[in-house]
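Notes for the structure review
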Amino acid sequence: RTTISVNLALALAERGRRVVLVDASLSRPDVANLLRIDPAFSILDVMSGQRGVHEVLTPGPGGIMVLPGAWDA
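Position labels on residues start from 1 in each chain and follow its written sequence. Whole-chain, interface and lining totals are the exception, using all residues; otherwise, since this is a predicted model, local features are given only for residues with pLDDT of at least 70 and side-chain atom pairs are given and counted only at 80 or more. Side-chain numbers come from the whole structure's heavy atoms, not from hydrogens or water.

Take the sheet that holds strand S1 (residues 20-22) next. Pairing is mixed across the open sheet formed by 3 strands, whose spatial order is S1-S3-S2. Every interior strand has two partners, whereas the edge strands, S1 and strand S2 (58-59), have only one. With 3 bridges joining them, S1 and strand S3 (residues 65-67) adopt parallel strand pairing. Bridge pairing in S3 links Val20 to Met65. When DSSP finds two or more bridges between a pair of strands, those strands are recorded as paired. What counts as a helix is a DSSP run of H or I of at least four residues, what counts as a strand is a run of E of at least two, and both are numbered from the N terminus.

Now for the nonpolar core. Val6, Ala9, Ala13, Val19, Leu21, Val31, Ala32, Leu35, Ile37, Ile64 and Val66 together form the largest nonpolar core, which totals 11 residues. Looking at this core, the elements that each hand over two or more residues are helix H1 (2-14) and helix H2 (31-35). Contacts between residues were defined by any pair of non-hydrogen atoms, one from each residue, lying within 4.5 Å. When residues no more than four places from it in sequence are discounted, the contact partners of Val66 are Leu21, Val31, Leu35, Ile37, Val56, Leu57 and Thr58. Within this scheme, the nonpolar core is defined by two criteria: the residues are buried Ala, Val, Leu, Ile, Met, Phe, Trp, Tyr or Cys, and they are joined through side-chain atoms within 4.5 Å. For the exposure calls, accessible area comes from a 1.4 Å probe over protein chains only, and a residue counts as buried if that area is under 20% of its type's maximum, exposed if over 50%, partly exposed in between.

This is how it looks when you write it as structure tokens:
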């Protein structure tokens, strides 16, 4: 699922679409790793109210924006 989601996001961005890829998995959040990005924050920061979505969005390749997942604490 992760690979398909990442490839779909990149293909849409390549076609000029604005893309936000949300990794909502708490058991295997692999999007950031697959895209080789090192986010400072994750979806857990948003869910806990510590950060806003726009603070957590991380630029990825091809112009996509990523809301990174996190391991369940």
